[in-house]
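This is what each chain is made of:
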Amino acid sequence: MAEQMIDEIYMLCKRVLNETNVFVKFRIYAFSRGNLKATVNIMDRQRNTVYTICEESDFNTFDKCKAHLERLLKDGIVGC
């Protein structure tokens, strides 16, 4: 399940990088085979937010990160 969430967030991060000037850093790593974890760092307008997505994280974290990225795309923010 975490792999699907990470894939979806990764695609949104790529879109934000391509369509806005907002700083987004996406890191993915594994603690063990099949145990993926990703961190997303978003800096927009003096605010720095870090989300961690992994098997142990709840859907709330995933939903907040996804909503934040989609809001950036919707607003079309062109500066930090």
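Please read these numbers as outputs of a predicted model, since none were measured by experiment.

Within the open sheet, the three strands sit side by side as S1-S2-S3. Their pairing is antiparallel. Of all the strands in the sheet, the pair left with one neighbour each is strand S1 (23-32) and strand S3 (47-54). Across the sheet, the axes of successive neighbouring strands diverge by a mean angle of 15°, strand direction being ignored. Pairing geometry for S1 and strand S2 (residues 35-44), over nine bridges, is antiparallel. Across the sheet, the residue bridging to Lys-25 is Asn-41, located in S2. Its contacts with the sheet place helix H1 (residues 2-19) against S1, S2 and S3, and it is angled at close to 160° to S1.

Turning next to the packing of aromatic side chains. Across all of its chains, the model carries one aromatic pair by this definition. Both rings, one in Tyr-10 and one in Phe-26, keep their centres 5.2 Å apart while their planes meet at 55°; by these two values the pair is tilted. Residue Tyr-10 is located in helix H1, and its partner Phe-26 is located in strand S1; the two are separated by 16 residues in the primary sequence. Judged by its relative accessible area of 22%, Phe-26 falls in the partly exposed class.

Procedures and definitions
Residues numbered from 1 in each chain as written. Predicted model: local features only at pLDDT ≥ 70, side-chain atom pairs only at ≥ 80, totals over all residues. Heavy atoms only, no water. Pairing = 2+ DSSP bridges. Helix = DSSP H or I, 4+ residues; strand = E, 2+ residues; numbered from the N terminus. Axes fitted to C-alpha atoms, helices over the stretch in contact; angles between N-to-C directions. Contact = heavy atoms within 4.5 Å. Phe/Tyr/Trp six-rings, centres within 6.5 Å; stacked < 30°, edge-to-face > 60°. Buried < 20%, exposed > 50% of the residue type's maximum accessible area, 1.4 Å probe, protein only.

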